[in-house]
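Single-letter residue listing:
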Amino acid sequence: MTIPGLIVVFGAMLGGFLMAGGNPMGLIQPAEFITIGGMAFGSMVLSTPMKILKKCFGKLSGAFKGGHFNREVYVDLLVMMFRLFSLARKNGLLSLEPHISEPEKSDIISKYPRILHNKLVIETITETLRLVVDGSVQPEEIDNLMESSIDTFEAEGHMPISVLQAVGDGLPGIGIVGAVLGIIITMGHIDGKPEEVGHHVACALVGTFLGVFCAYGVLNPMIASISQQEAEEAKCLNVIRIAVSAYVTGSSPSIAVEFGRRAIYSFDRPGGADIDKACKAAGAA
C-alpha cells in the first residue's frame, strides 16, 4: 500500500494548499531541494558503512513491493513441509538429500513457486534440513540453532532501519537549516521591494516545509512499512523453526505442521481444516 498511501499524502497536502489559495509553483524551489536532499543523503553516507548503505536503498525499494507473506503463501509453505516430513518418515532422512541439494529440481519444492522463489525461506528450510540429514546436530539443538539464526536476521534487518530512522528524525532539523539559509539570503535583499522580500521569505519557509513533510509524510511512514515487512519475514522463519523442531523431536508430519500453523498471525493463519484438506490432497497426489 506504499504507492496508494503516498498518493493520498501528496494529494491531501496539495489539495489543502490549493483550497487555501496557494500557488503550487511556489513549492518548487530547486535550491531547497538540493540543500535538504543533499544534506540528508550526505549525513547518511557520513554515518553508514557502504555495506549497510546498500541495504538501506534495498529496503526503500522493497517498501514499494509490499510484503510477500499472506494466507496463500503460508498454505503452500505448510503443505510443502508436510510433504517433505512425510517423505522423510516414509523413506528415511536420506530421501530428502536431492530435494534440499537442488530445490529447483525437486518434484516437491518446485511445485510451490511462491516458496521456491523466496530465497530467505528456501535457504532456511534447506540448510536446516541438511543439518538434520547429515546428523551433525542433535534434534533438540535444532530449535536453539534456528532461534539464534532468526535473532541474527532481526538484528541485521534493524541496522538499515535505524539508519533510515535517524535520517527521518533529522529531516525537520535539516529543513530548518535550509530555512535559515533562506533567511540569510532574505536579509541581503531587505532593502528590496516588498514582493521581492516576500518571495525570499516564502522560499526560506519551503525549506522548513520540505524537511517536516518528507520526514513525517514520506520517510517515517515508509520506515514503519519496512519494519512491518521485517516482522513478517521473521514470523515466517519462526513458523519454519517451530514446525521443523516439532518434527525432528518426534511429532508426526501433520502435528508438526499444526505447530507451525498455530504460530502464524491470525490475519494470515489458514484454518486447520483447510491445511488438513490440502495436505491430504498433496499426499494423494
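Residues numbered from 1 in each chain as written. Predicted model: local features only at pLDDT ≥ 70, side-chain atom pairs only at ≥ 80, totals over all residues. Heavy atoms only, no water.

Overview of the overall build of the chain
A tally of regular secondary structure across the chain gives eleven helices and zero strands. Each helix (α) and strand (β) of the chain, taken in turn from the N terminus, gives the series α-α-α-α-α-α-α-α-α-α-α. Here the C-alpha atoms of the chain give a radius of gyration of 26 Å, more than 25% beyond the 19 Å that 2.2 N^0.38 yields for 285 residues. Across its three principal axes, the chain shows a C-alpha extent of roughly 90 × 40 × 30 Å. Within the chain, the fraction of its 285 residues that count as buried is 42%. Considering only contacts in the chain between residues 6 or more positions apart, those separated by 24 or more positions represent 75%. Of the roughly 15,200 Å² that the chain leaves accessible, carbon and sulfur atoms contribute 64%. Separation of charge centres in the chain, based on 22 positive and 28 negative side chains, amounts to 8 Å. (Helix = DSSP H or I, 4+ residues; strand = E, 2+ residues; numbered from the N terminus. Rg over C-alpha atoms; globule rule 2.2 N^0.38 Å. Buried < 20%, exposed > 50% of the residue type's maximum accessible area, 1.4 Å probe, protein only. Contact = heavy atoms within 4.5 Å. Areas by Shrake-Rupley, 256 points an atom, 1.4 Å probe, with all protein chains shown as cover. Lys, Arg positive; Asp, Glu negative; His and termini not counted. Charge placed at Lys NZ, Arg CZ, Asp CG, Glu CD.)

With respect to the packing of helix H7 (residues 119–134) against helix H9 (residues 194–248)
Contact geometry for H7 and H9: axes closest at 10 Å, N-to-C directions at 20 degrees. Taken together, H7 and H9 sit at an angle that is classed as roughly parallel. Considering the relative orientation of H7 and H9, their crossing is right-handed. On H9, the residues that touch Leu120, Val121, Thr124, Ile125, Thr128, Leu129 and Val132 of H7 are Glu233, Cys236, Leu237, Ile240, Val244 and Val248. (Axes fitted to C-alpha atoms, helices over the stretch in contact; angles between N-to-C directions. Parallel < 35°, antiparallel > 145°, perpendicular 65-115°, else oblique. Left-handed = near helix turned anticlockwise from the far one by under 90°.)

Some thoughts on H9
Because each turn of an α-helix spans 3.6 residues, side chains separated by three or four positions end up pointing in the same direction. Look at H9: 79 Å from first C-alpha to last across 55 residues, which is about the 81 Å you get at 1.5 Å a residue. Count one or two residues on from H9 and you reach Gly250, which has phi positive near 115 degrees. (Expected span 1.5 Å × (residues − 1).)

Notes on the pattern of salt bridges
One side chain can pair with another of opposite charge once the charged atoms of both are near each other. Evaluated as defined, the whole model comprises seven salt bridges. One salt bridge connects Asp76 with Arg114, and the closest N-O pair in it is separated by 2.9 Å. You can see Asp76 sitting in helix H4 (residues 71–91) and its partner Arg114 sitting in helix H6 (residues 113–116), a full 38 residues away along the chain. Assessed through its relative accessible area of 46%, Arg114 is described here as partly exposed. A salt bridge links Asp143 to Arg241; its shortest N-O distance comes to 2.3 Å. (Salt bridge = Lys/Arg side-chain N within 4 Å of Asp/Glu carboxyl O.)

Here's the deal with the nonpolar core
In terms of nonpolar packing, the biggest core is built from 43 residues, with Leu77, Met80 and Ile240 touching the most fellow members. When residues of this core are traced back to their parent elements, those giving at least two are H4, H6, H7, helix H8 (139–187), H9, helix H10 (253–262) and helix H11 (272–284). No other element matches the twelve residues that H4 contributes to this core. Sequence-distant contacts of Ile240, defined by excluding residues within four places in its chain, comprise Leu77, Met81, Val121, Thr124, Ile125 and Met146. (Core = buried A, V, L, I, M, F, W, Y, C linked by side-chain atoms within 4.5 Å.)

Concerning H4
Spanning 21 residues, H4 covers 30 Å between terminal C-alpha atoms, matching the ideal 30 Å at 1.5 Å per step. Measuring from the backbone nitrogen of Glu72 back to the side-chain oxygen at the start of H4 gives 3.2 Å, which picks out Asn70 as the cap. Count one or two residues on from H4 and you reach Gly92, which has phi positive near 95 degrees. (Polar contact = N/O pair within 3.5 Å; in protein donor to acceptor, adjacent residues only side chain to side chain.)

Quick notes on a nonpolar patch on the surface
Together, Met39, Ile176, Val177, Val180, Leu181 and Ile184 line one region of the surface with nonpolar side chains, adding up to about 500 Å² of accessible area. The greatest single-element share of the nonpolar patch, amounting to five residues, is contributed by H8. Structurally, Ile176 is set in helix H8. (Patch = residues over 30% accessible without salt bridge, like charges linked within 9 Å, V, L, I, M, F, W, Y side chains within 5 Å.)

Some points on the environment of Ile242
Within the secondary structure layout, Ile242 lies in helix H9. Along the chain, Ile242 and Phe82 lie 160 residues apart, while their C-alpha atoms are 13 Å from each other.

Quick look at the packing of aromatic side chains
Tallied over the entire structure, the rule returns six aromatic pairs. Their ring planes at 40 degrees and their centres at 6.2 Å tell us that Phe41 and Phe57 sit as a pair that is tilted. Placement of the pair is Phe41 in helix H2 (residues 30–47) and Phe57 in helix H3 (residues 50–63), with a sequence separation of 16 residues. Residue classification places Phe57 among the partly exposed positions, given a relative accessible area of 40%. Aromatic rings pair up to connect Phe10, Phe209 and Phe213 into one cluster. Taking the ring centre of Tyr265 as reference, the NZ or CZ of Lys235 above it sits at 5.0 Å. (Phe/Tyr/Trp six-rings, centres within 6.5 Å; stacked < 30°, edge-to-face > 60°. Lys NZ or Arg CZ within 6 Å of the ring centre and 35° of its normal.)

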